[in-house]
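Structural overview for review
Below are the chains, spelled out letter by letter.
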Amino acid sequence: MTKRVLSHLVVSAASLSLTAAFAPSGLTNIAHLSSNNHHATRISAPLSSSANSDEVIDADIIALSTNPTLNLTPEGYGFSSPISRVMKESGKTGYYRAKSSESVVDVMGKIGKNEVALVFDEENDKELMGIFTDFDFIRLSTEQARARTEEESATFMAAPVSSFMTSADKLICVEPTSTASQAVAIMTNNNVRHTVLVDKCGPNFSFVPGTSVNGVVSMEALLRLIQSDNRLSYDKLSQKFPGLANKPIEQMREELKSQANALANNEETAKKDIIRVGTAILGAGSIALYASQSAWLSSHAELAMIAIFVLGYIGIIFEEVFEFNKAAVALLMSTGLWVTYADFYGESTGIASANVLEQLKEQLSEVSDICFFLLAASAIVEVVDAHQGFKVVTNLITTKSKKGLFWVIGFLTFFLSAILNNLTVTIVMVSLLRKLVPNDDDRRLFGAMVVVAANAGGVWTPIGDVTTTMLWINNNLSTIPTVTELFLPSIVCLVASLFFLVNNIEEDSSLAESTLPPPSPLAPRGQVVFWTGIASLLAVPVFAELTGLPPYLAMLTGLGAIWTMTDIIHMDDEEEEMKVPAALAKLDTSGILFFLGILMSIGVLDKSGLLKELAQFLNDNLPNQDIIATVIGIASALIDNVPLVAATMGMYDLADYGTDDKLWQLIALCAGTGGSILVIGSASGVALMGLEKVDFLWYA
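Moving on, we come to a nonpolar patch on the surface. Taken together, the side chains of Leu 282, Ile 306, Val 310, Leu 311, Ile 314, Ile 317, Phe 318 and Val 321 define a hydrophobic patch exposed on the protein surface, amounting to about 640 Å² of accessible area. Of all the elements, helix H13 (residues 301-317) adds the most residues to the nonpolar patch, at 5 residues. Structurally, the position occupied by Ile 317 is in helix H13. Judged by relative accessible area, Ile 317 falls into the partly exposed class, the value being 32%.

Below, the discussion takes up the pattern of salt bridges. Under the criterion given, the structure shown has 5 salt bridges. Between Lys 607 and Glu 362 there is a salt bridge, with its nearest N and O atoms 3.2 Å apart. Highlighted residues: Lys 607 in helix H26 (residues 589-608) and Glu 362 in helix H16 (residues 354-386), separated in sequence by 245 residues. Overall, Glu 362 belongs to the partly exposed group, its relative accessible area being 40%.

Moving on to the packing of helix H20 (residues 440-457) against helix H22 (residues 479-501). Following both chains from N to C, one finds H20 and H22 inclined at 170°, their axes separated by 9 Å at the closest point. Compared by their axis directions, H20 and H22 come out roughly antiparallel. As H20 packs across H22, the resulting crossing turns out to be right-handed. Between H20, through Leu 445, Met 449, Val 452, Ala 453 and Ala 456, and H22, the contact on the second element is made entirely by Ser 490, Leu 494, Ser 497, Leu 498 and Leu 501.

This brings us to the environment of Glu 347. By the element assignment, Glu 347 lies in the loop between helix H15 (326-343) and H16. Given a relative accessible area of 77%, Glu 347 falls into the exposed group. Along the chain, Glu 347 and Ser 298 lie 49 residues apart, while their C-alpha atoms are 9.0 Å from each other.

Turning our attention to H16. Between the first and last C-alpha of H16 there are 47 Å, a value that for 33 residues agrees with the 48 Å anticipated at 1.5 Å per step. The first or second residue beyond H16 is Gln 388, which carries a positive phi of 60°.

Turning to the sheet that holds strand E4 (residues 116-120), a few remarks are in order. Within the open sheet, the 4 strands sit side by side as E3-E4-E5-E6. Their pairing is mixed. A single partner strand is all that each edge strand has here, and the edge strands are strand E3 (95-99) and strand E6 (166-167). Strand direction decides the pairing type here: E3 and E4, joined by 5 bridges, are parallel. Bridge pairing links Tyr 95 to Val 116 in E4.

What follows deals with the nonpolar core. Ranked by internal contacts, the top residues of the largest apolar core, which has 114 residues, are Phe 406, Ile 409 and Met 470. No other element matches H16, which puts 13 residues into this core. Dropping the residues within four chain positions of it, Met 470 is found in contact with Ile 370, Leu 599, Val 642, Val 645, Ala 646 and Met 649. Counting 20 residues, the second largest nonpolar core, distinct from the first, contains Val 86, Val 192, Phe 205 and Leu 223.

Read from one edge to the other, the open sheet built from 3 strands follows the order E7-E8-E9, with strand pairing classed as mixed. Two strands close off the open sheet at either side, each with one partner strand: strand E7 (173-174) and strand E9 (213-218). Pairing analysis gives 5 bridges linking strand E8 (residues 194-198) to E9, with the strands arranged antiparallel. Opposite Thr 195, over in E9, you have Val 217 as the bridge partner.

Let's shift gears to the packing of aromatic side chains. Counted by the stated rule, this structure contains 12 aromatic pairs. Aromatic ring contacts, followed pair by pair, group Phe 414, Phe 415, Trp 460 and Phe 487 into a single cluster. Taking NZ or CZ as reference, Arg 97 lies 3.8 Å from the ring centre of Phe 120, over its face. The ring of Phe 594 carries the charged tip of Lys 326 above its face, separated from the ring centre by 4.5 Å.

Next up on the list: the confidence of the model for the protein chain. On average, the protein chain scores 75 in pLDDT, and the residues at 70 or more come to 76%. Confidence, read as mean pLDDT per element, is least for strand E1 (residues 44-46) in the protein chain (35) and greatest for H22 (90). Across residues 1-66 the pLDDT falls below 50, and counting only partners more than four positions away or on other chains, this stretch makes 124 contacts in the model.

What counts and what doesn't
Residues numbered from 1 in each chain as written. Predicted model: local features only at pLDDT ≥ 70, side-chain atom pairs only at ≥ 80, totals over all residues. Heavy atoms only, no water. Patch = residues over 30% accessible without salt bridge, like charges linked within 9 Å, V, L, I, M, F, W, Y side chains within 5 Å. Areas by Shrake-Rupley, 256 points an atom, 1.4 Å probe, with all protein chains shown as cover. Salt bridge = Lys/Arg side-chain N within 4 Å of Asp/Glu carboxyl O. Helix = DSSP H or I, 4+ residues; strand = E, 2+ residues; numbered from the N terminus. Buried < 20%, exposed > 50% of the residue type's maximum accessible area, 1.4 Å probe, protein only. Axes fitted to C-alpha atoms, helices over the stretch in contact; angles between N-to-C directions. Parallel < 35°, antiparallel > 145°, perpendicular 65-115°, else oblique. Left-handed = near helix turned anticlockwise from the far one by under 90°. Contact = heavy atoms within 4.5 Å. Expected span 1.5 Å × (residues − 1). Pairing = 2+ DSSP bridges. Core = buried A, V, L, I, M, F, W, Y, C linked by side-chain atoms within 4.5 Å. Phe/Tyr/Trp six-rings, centres within 6.5 Å; stacked < 30°, edge-to-face > 60°. Lys NZ or Arg CZ within 6 Å of the ring centre and 35° of its normal. pLDDT = per-residue confidence, 0-100.

Structure follows, in structure tokens:
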């Protein structure tokens, strides 16, 4: 029993310390009860003499101050401290006294240290009209953001504070005799950070007009005082629990060690330990094998390269199981393959030859084209999103029919993914669905449709899907034939999938609960950035066709143009969030490095001739190109599209299958749409798993 009580005390003290440290950010920043706030359930213990018999508060908090067995501090300290002592210790009233006619900008400049402002009537300075807090300022800022001109925006800050305050009838209060635990319970249950201190509260802790206001109590001040009073001491614990041999903390540490050992004895921890040990053994063995310049490695270099590639692929496919970032696995795989090829493959003498170094430079040059292209394209899209450019699209969505919305989102995703990358479109559309579709089950189904539409839409343009982009940059495909030949098959895939999925949608009134704000015009700056970004993306194929230069150069040119334009637009702004450097900081750098590692790995397999041997095997055992492309499409449901298409590009030579050959178009179509079969088959599906916690089996 003694150990259990001590455990409760130490854990309670630690929890309180953490709560005090994070109170300002951890609690909702509201100083009043909003009109749509849910009433908290009150468990036990009357509040004070002014409370009705049915007005009770959180028993767990009250117990810390009323149960002498649990309370280490003297009466009148810690949780049992009266509010009058809290105010005395803080040394301030906790508010700035503002007149109702004062402007918002003046009040904001005076409440920095006092946290909130109490607004009193201009004529009767004893009549409290309301409170102005950071929550009210956020509400003001939200309305200000909708202003169409700078002049209109400025009027908000010059407006009287009474226009944006929370009225007095929505305040809650405490009395001087209330205890700290009671105040914490009141604020916690009502989801507020500040409460008004008055002589007498009304029913349900309400503020009674005409009551004298003595101050404002903040959760931060309460927890700071409680934490200070409740510091555990060896002497205090030893006096209460003499059987612990004056070593309570040491005993608690031993108990915590025992608990840690018990927690470690479970399947999840055992799995992680196996992975750690296996990885360490594999890494150490590989280093030893290469360092020893083993003769076995020289005679079995081809087998070693295949083993490295297979192990790397397993690490990438089962990224969630091993908890290794696939970018790290891809980089290690590419390094291992190049070292094996350079030092041990064929006639190698243990050091890279001039021919291998030339091949490495050539491969890096090819891979850099794709990486720079993706980097620039992603940055442009990020800048457009930062300027709310996609409101041009969301303003068009007005339907309240779930099935109608299903079709609208499907086609919208399809055409957006033709000019933006699939991953970006999926993230944008899923974020939009969170506001449009409140029901979780419906939203998952809509999300699955977004994955299908994004993958289908990315197939028929060179800049839509990264796999099509790879084929285009490598000259396997050209712009016009890709659009004309693949548009119809892509839209057939979309319509067929929508017809199948829409039958699972049940019409109801849930869309009425949508949190999407009403359509509003996009600011002129946002429109300029949006159309400039779209023009930059659409101009890439035209630039490449007219100049004959690589597409990545066109994309970098577009990025430079939009970078310069946003610098001009925001020349006088102190905030950097709307500029390109901020967009670059948000990019998925690990994704770019993943492409680098995968493409470098596929390149060395191509240089070694292993992919050519695989292509010959498929040609000898599969009757025609249609079946080969179908097999690749099915494989893309399990294997990431990028390495799969990269491997295919290495398997079949452009000299045998020229630009825009039927094989390349089939590979683009099958690999792109085949990734929708399973949720792990594409970047869009993986993004959906992360954003909406979609289960693998449910999607399948």
